[in-house]
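# Structural characterization, general
Each chain is listed here by its residues.
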Amino acid sequence: MSSRSVSLTSTFLLLAAGGAAACDRNRYHNEGFYCADANGVIVDESYCDANHSYGGGVVPYYIWHSSGYRSGYPIGARLPAGGSRFAYNDQASRKSFGLPTTGRIGNGTVKTNVVGKGGKSTGKSSSSHKSGG
């Protein structure tokens, strides 16, 4: 191998290693979950039981989530700004966060090692997500 070839290969490997390290840093984080209405006001978790149907295609309750949510917010409190939501019966979203695809999710549930960027969630990860809070 020529010295130029070795130099280019070494440079590429260093860049690749640095990029992988930067991606790994924010790969996993903790995420808090609450059952709330469209305005982010916490309701009893029974309203977000995926086995319950409200009929008519109306989704009156959502599972709100954010890495900034902690456990202990009471029913009736408004969740802090910066969270996202998905329909309580959205099995694909539940599964993507490591939640049970059916049944209740306790208010204040914190999942560890959720894949994705750390920090407050502000983006939409599916068409039913909405930022707010």
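Parameters at a glance
- Residues numbered from 1 in each chain as written.
- Predicted model: local features only at pLDDT ≥ 70, side-chain atom pairs only at ≥ 80, totals over all residues.
- Heavy atoms only, no water.
- Helix = DSSP H or I, 4+ residues; strand = E, 2+ residues; numbered from the N terminus.
- Polar contact = N/O pair within 3.5 Å; in protein donor to acceptor, adjacent residues only side chain to side chain.
- Core = buried A, V, L, I, M, F, W, Y, C linked by side-chain atoms within 4.5 Å.
- Buried < 20%, exposed > 50% of the residue type's maximum accessible area, 1.4 Å probe, protein only.
- Contact = heavy atoms within 4.5 Å.
- Phe/Tyr/Trp six-rings, centres within 6.5 Å; stacked < 30°, edge-to-face > 60°.
- Disulfide = S-S within 2.5 Å.

### As for the side chain of Ser66
The topology assignment puts Ser66 in strand β2 (residues 62-66). A distance of 2.9 Å separates the side chain of Ser66 from the backbone nitrogen of Gly68, its partner in a polar contact.

### Some remarks on the nonpolar core
In terms of nonpolar packing, the biggest core is built from 12 residues, these being Phe33, Cys35, Val43, Cys48, Tyr61, Ile63, Phe86, Tyr88, Phe97, Leu99, Ile105 and Val114. Apart from residues lying up to four places away in sequence, Val43 is in contact with Cys35, Ala36, Asp37, Tyr61, Ile75 and Asn107.

### Digging into the packing of aromatic side chains
For the structure on display, the rule yields 6 aromatic pairs. Between Tyr34 and Tyr69 the ring centres are 6.3 Å apart and the planes differ by 75°, which places this aromatic pair in the edge-to-face class. Taken as a pair, Tyr34 in strand β1 (residues 28-36) and Tyr69 in the loop between β2 and β3 (84-87) lie far apart in primary sequence, 35 residues in all. On the basis of an interplanar angle of 25° and a centroid distance of 4.8 Å, the ring pair of Tyr47 and Tyr61 is categorised as stacked.

### Details of the environment of Val43
Along the chain, the position of Val43 falls in the loop between β1 and β2. Remark: the alpha-carbon pair of Val43 and Ala77, spanning 34 residues in sequence, is separated by 8.5 Å.

### Some remarks on the state of the cysteines
Under the criterion given, the structure shown has 1 disulfide. Paired through a disulfide, Cys35 and Cys48 show a sulfur-sulfur distance of 2.1 Å. Negative torsions about the S-S bond denote left-handed disulfides, and the value of about 80° found for Cys35 with Cys48 makes this one right-handed. With Cys35 in strand β1 and Cys48 in the loop between β1 and β2, this pair connects stretches of sequence that are 13 residues apart. The class for Cys48 is buried, based on a relative accessible area of 1%.

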